[in-house]
Amino acid sequence: MAIVSIPEPSKDITLGISACLMGEKVRYNGGHKRSSFCMNQLSNFFHFQPVCPEVAIGLGIPREPIRLVGEMGNEQVRVVGTDSPELDVTEQLENYGKEKAMELTDICGYILMQKSPSCGMERVKVYHKNGSPLGASAPGAYAKALMETKPLLPIEEEGRLHDPVLRDNFFTRVYAYHRWQTDVLANPSYKAVVDFHSIQKYTIMAHDPKDYTSLGRIVAEGGKKPLDELMSEYFTGFMETLKQRANHKSHTNTMMHILGYVKKSVDSAERNQFLKLVEEYRQGIVPLVAPITMLRHFIENHGSDYIKQQTYLEPHPNQLGLRNQL
Ligand code: SF4
């Protein structure tokens, strides 16, 4: 058995995206915010479902800009026109966010435009009624409704995807989410949950070693629960685990565990070379792709079926190059 790898890019994963990031001229001023990362790189791997909530609720192009307005100590934030405070589109944007979250059943992730009072995922500036900055921030109204309705859906801002760690984390979650849809949700059974957990062991370990035990317990005791309950509990815990960022220490620990499966089959010169790469990775001298490539080679040649199936070895397509900068 070869390493179970992600199939060649086939665009069978759909991501929601703020329409302006695709170059659509939907902004208040008739402009766009085309993302070259999304359009030049990601578009080879994903199908995009663009959404502009402001246009969708009937604000025209061009239109009066809107902003978040609130009061210190009051979490209630409204979305109103910058010149016409009587233009309040809070409920419309929230309702549209809930509606869209329910409608887009086939998406496995969402890329949002940062700083927008509609699409911003976090840290969007909030203003006083008089237009001066309040010194506080909140998510945009559409994004907030989307995140509340689909709390497990991987959601990230385009700006944050320029950070290699956040980018790797987001796409690890996207591909794991997609795998859950295809391997478990498409044909639910207790066995499908057990099998899913089994191949995720080292992905979970890289994000939080403690969670492999707690998620394992959920699976082990799962037979006592209705299947729906088990799936909901497990997948919630799993996606929460993956939100935690893997780091040099946790990747090093995970690779050393995986080496344990093949160390007797690998000759000592190769093993020492691998250990040197792991140490260089731990010190930040070489990227993760260096030791991982060698480890994959060991597993390909000497690993059992169990270890070859581990998603950790290829959580997202190698062609995306996400581990080249970790
Ligand atoms: S940030 Fe959102 S609401 Fe604003 S133009 Fe882009 S897609 Fe439309």
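Scroll up to find the structure this text is about.
Okay, so let's go over this structure. Keep in mind that what you see is a predicted model, and the values were worked out from it rather than measured.

Taken together, 14 residues form the shell around the ligand, and within it Ala 19, Cys 20, Cys 52, Glu 54 and Cys 119 come nearest. When grouped by side-chain class, the residues that make up the shell around the ligand number 8 nonpolar, 3 polar and 3 charged.

What follows deals with the environment of Asn 253. The residue Asn 253 is located in helix α10 (residues 248-259) in this model. Sequence spacing of Asn 253 and Met 294 is 41 residues, and the spatial spacing of their C-alpha atoms is 16 Å. Discounting chain neighbours no more than four positions away, the residues touching Asn 253 are Met 205 and Pro 209.

The next point concerns the packing of α10 against helix α12 (residues 289-302). Put simply, α10 and α12 touch, their axes get as near as 11 Å, and they point 20 degrees apart. If you check the angle between α10 and α12, you find them roughly parallel. Like other packed secondary-structure pairs, α10 and α12 cross with a definite hand, here left-handed. Facing α10, whose interface residues are Met 255, Ile 258 and Leu 259, α12 presents Pro 291, Ile 292, Leu 295, Phe 298 and Ile 299. Residue composition of the contact of α10 with α12, by class: 8 nonpolar, no polar and no charged.

Counted by the stated rule, this structure contains 16 aromatic pairs. Aromatic pair Tyr 177 and Phe 235: ring centres 5.6 Å apart, planes at 55 degrees, arrangement tilted. Of this pair, Tyr 177 sits in helix α5 (residues 164-185) while Phe 235 sits in helix α9 (residues 227-243), placing them 58 residues apart in sequence. Through a chain of ring-to-ring contacts, the aromatic side chains of Tyr 177, Trp 180, Phe 196, Tyr 234, Phe 235 and Phe 238 assemble into a single cluster. Above the ring of Tyr 127, the side-chain terminus of Arg 67 is found at 5.4 Å from the ring centroid. Lying across the ring of Tyr 312, Arg 323 places its NZ or CZ 4.9 Å from the centre.

How each quantity is defined
- Residues numbered from 1 in each chain as written.
- Predicted model: local features only at pLDDT ≥ 70, side-chain atom pairs only at ≥ 80, totals over all residues.
- Heavy atoms only, no water.
- Near = heavy atom within 4 Å.
- Nonpolar A, V, L, I, M, F, W, Y, C, P; charged D, E, K, R; others polar.
- Helix = DSSP H or I, 4+ residues; strand = E, 2+ residues; numbered from the N terminus.
- Contact = heavy atoms within 4.5 Å.
- Axes fitted to C-alpha atoms, helices over the stretch in contact; angles between N-to-C directions.
- Parallel < 35°, antiparallel > 145°, perpendicular 65-115°, else oblique.
- Left-handed = near helix turned anticlockwise from the far one by under 90°.
- Phe/Tyr/Trp six-rings, centres within 6.5 Å; stacked < 30°, edge-to-face > 60°.
- Lys NZ or Arg CZ within 6 Å of the ring centre and 35° of its normal.

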